[in-house]
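A closer look at the structure
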Amino acid sequence: MPSMTSYEHGAPCWTDLATSEPARAKAFYSTLFGWTYVDNDMGNGQFYSMAQLNGVDAGAIYGQGAEEIEQGIPARWSTYINVDDVDAAAAKVVPAGGTLMMEPFDVMGVGRMALVFDPTGAVVALWQFKQDFGARVVNEPGAMTWHELMTRDTDAAADFYERLLGWHSHSEDMGGFDYTVFHLGEEYPAGGMVEMDDSYAGVRPHWMVYFSVSDCDATVALAVANAGKVVVPPTDIPPGRFAILSDPQGATFAVMTVNEE
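1. Considerations on the sheet that holds strand β8 (residues 123-129)
The sheet built from 8 strands is open, its strands ordered β2-β3-β4-β1-β5-β8-β7-β6 with mixed pairing. Because the sheet does not close on itself, it has two edges, and the strands there are β2 (36-43) and β6 (99-107). When strand polarity is set aside, the average angle formed by the axes of neighbouring strands in this sheet is 25 degrees. Where strand β7 (residues 111-117) lies against β8, 7 bridges are found, and the strand directions are antiparallel. Bridge assignment links Met-113 to a residue of β8, and that residue is Trp-127. Relative to the sheet, helix α3 (residues 86-93) contacts β6, β7 and β8, its axis offset from that of β6 by approximately 170 degrees.

Okay, structure coming up:
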C-alpha cells in the first residue's frame, strides 16, 4: 500500500465529500471502495467521518449544513492543496486573479485552511497541516490517485496556479485531444486540466477527484447497482481506463484503472 508521510508545497494532499445524506454516502463508498470510517464529532449532530483503507486515512465524508441544502448547493468532492504557509498563500490569491471564498482559519487544531475561487470559478482548498498532513494512502484501489481541473479558460487557470503555487504546465496527447498536465518542479505531477466544451453546458468549473480501482468496468457496474449514475462511461486513454460517476446524492467523481507500465 503506497504510504504517504508528507506532501510538498503545492501538492494535492486530501479530499473530502460534503453531502446531504452522509449515512447513505458512507454506505455507497464503503461498497464501492471498501472504506471503513472513524466518526469525529463536530457538534450539533454533525460528524467528520474519516474514510479508511485497512485503517489508514484515505479521505473523509461529512454532512452539509441545513442552510447549504436549503440553498440547493450540490453534494461535492473537494481537492485540498498542501501549502507551507496558508496565510502567505492566501495573500497571493487576489493579485493572481482569484477570489478568497473563506479567509484562513484554524481547523480543530489539526491544520489551517482557506477556500479559494480560481479565476475560472472552480473552488479549491489550501491546507497547512499542524497535526494532520492529509491522506496517508494514495494510488491504491480505493484511494485518490489524480486531481483534475475542469474549466472553460485553461490559459487563465494555468497562469493563476503558476502564480499561486509555482506550478508549470504542458500539453500531452491523450488519445485524440490535448490534455494539460500541471507539474510541481521538474517532474512531480500535481494534477491535470481539461477545457470544457459545449457538451458541458450547465456544468460549473470544478476540481475532479480520481480514485484508483482495480477494474474500472466492474466498479462502474457496482456503482450503478447501488444507485450511482454514469456520467462518462469507461473510456481508454494512454494512462489507463477511466469513468466519471455520480453518487446517489449527485456528487461527481472519477475512477481509474491505471496501466501497469
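2. What about unusual backbone geometry?
Peptide bonds are trans in most cases, and residues, glycine excluded, mostly fall at negative phi. Positive phi, normally seen in glycine, also occurs at Asn-44, with a value near 55 degrees. Inspection of the secondary structure puts Asn-44 in the loop between β2 and β3 (46-53). With a relative accessible area of 83%, Asn-44 lands in the exposed category.

3. Re the side chain of Thr-145
Turning to its location among the elements, Thr-145 is positioned in strand β9 (residues 144-151). The residues touching Thr-145, leaving out its near neighbours within four places in the chain, are Asn-139, Tyr-210, Phe-211 and Ser-212.

4. A few points about the packing of aromatic side chains
Each aromatic ring pair is specified by the distance between its two centres and by the angle formed by the two planes. Summed over all chains, the structure comprises 23 aromatic pairs. Each ring, one from Trp-77 and one from Phe-211, has its centre 5.2 Å from the other, and the planes form 65 degrees; the classification is edge-to-face. Remark: Phe-211 occurs in strand β13 (residues 206-212) and Trp-77 occurs in strand β5 (residues 76-82); sequence separation between them is 134 residues. You'll find Trp-77 and Phe-211 in the same group, each marked buried. A connected cluster of aromatic rings, assembled from ring pairs, spans Phe-28, Tyr-29, Phe-33, Trp-35, Trp-77, Phe-211 and Phe-253.

5. Details of the environment of Cys-216
Mapped onto the elements, Cys-216 comes out in helix α5 (residues 216-225). As a C-alpha pair, Cys-216 and Gly-43 span 173 residues in sequence and 38 Å in three-dimensional space. If we skip the residues at most four places from it in the chain, Cys-216 touches Pro-234, Arg-241, Phe-242, Ala-243, Val-255 and Thr-257.

6. Observations regarding the pattern of salt bridges
Counted under the stated rule, the structure contains 9 salt bridges. Across the pair Asp-106 and Lys-130 runs a salt bridge, and its minimum N-O distance is 3.1 Å. On the criterion of sequence distance, the pair formed by Asp-106 in strand β6 and Lys-130 in the loop between β8 and β9 is long-range, its members being 24 residues apart. Judged by relative accessible area, Asp-106 falls into the partly exposed class, the value being 48%. Sharing partners across several salt bridges, the network here consists of Asp-87, Asp-106, Arg-112 and Lys-130.

7. Re the pairing of strand β12 (residues 188-195)
When β9 meets β12, the two strands line up parallel, connected through 4 bridges. Residue pairing for β12: Thr-151 is matched across the bridge by Glu-195. Pairing analysis gives 5 bridges linking strand β11 (residues 178-184) to β12, with the strands arranged antiparallel. Bridged to Phe-182 within β12 is Gly-191. Counted along the chain from β11 to the antiparallel partner β12, the turn is 3 residues long, and its residue Gly-185 has a positive phi close to 75 degrees.

The rules behind these values
Here, residues in each chain are numbered from 1, in the same order as that chain's written sequence. The model is predicted, so local features are restricted to residues of pLDDT at least 70 and side-chain atom pairs to those at 80 or more, both for listing and for counting; the totals for chains, interfaces and linings are taken over all residues. Computation of side-chain values covers all heavy atoms of the structure but excludes hydrogens and water. Strand pairing is assigned whenever DSSP detects at least two bridges linking the two strands. For the purposes of this entry, the term helix denotes a DSSP run of H or I that reaches at least four residues, the term strand denotes a run of E that reaches at least two, and both are numbered from the N terminus. Note on definitions: angles span 0 to 180 degrees between N-to-C directions of axes, and those axes are lines fitted to C-alpha atoms, for helices only across the stretch in contact. Working rule for contacts: check all heavy atoms of both residues, and any pair within 4.5 Å makes them a contact. Only protein chains enter the accessibility calculation, which uses a 1.4 Å probe; a residue whose area is less than 20% of its type maximum is buried, one above 50% is exposed, and one in between is partly exposed. Only Phe, Tyr and Trp rings take part, Trp by its six-membered ring, and two of them pair if their centres are within 6.5 Å. Stacked means planes under 30 degrees apart, edge-to-face means over 60, and tilted covers everything else. We define a salt bridge as a contact between a side-chain nitrogen of Lys or Arg and a carboxyl oxygen of Asp or Glu at a distance within 4 Å.

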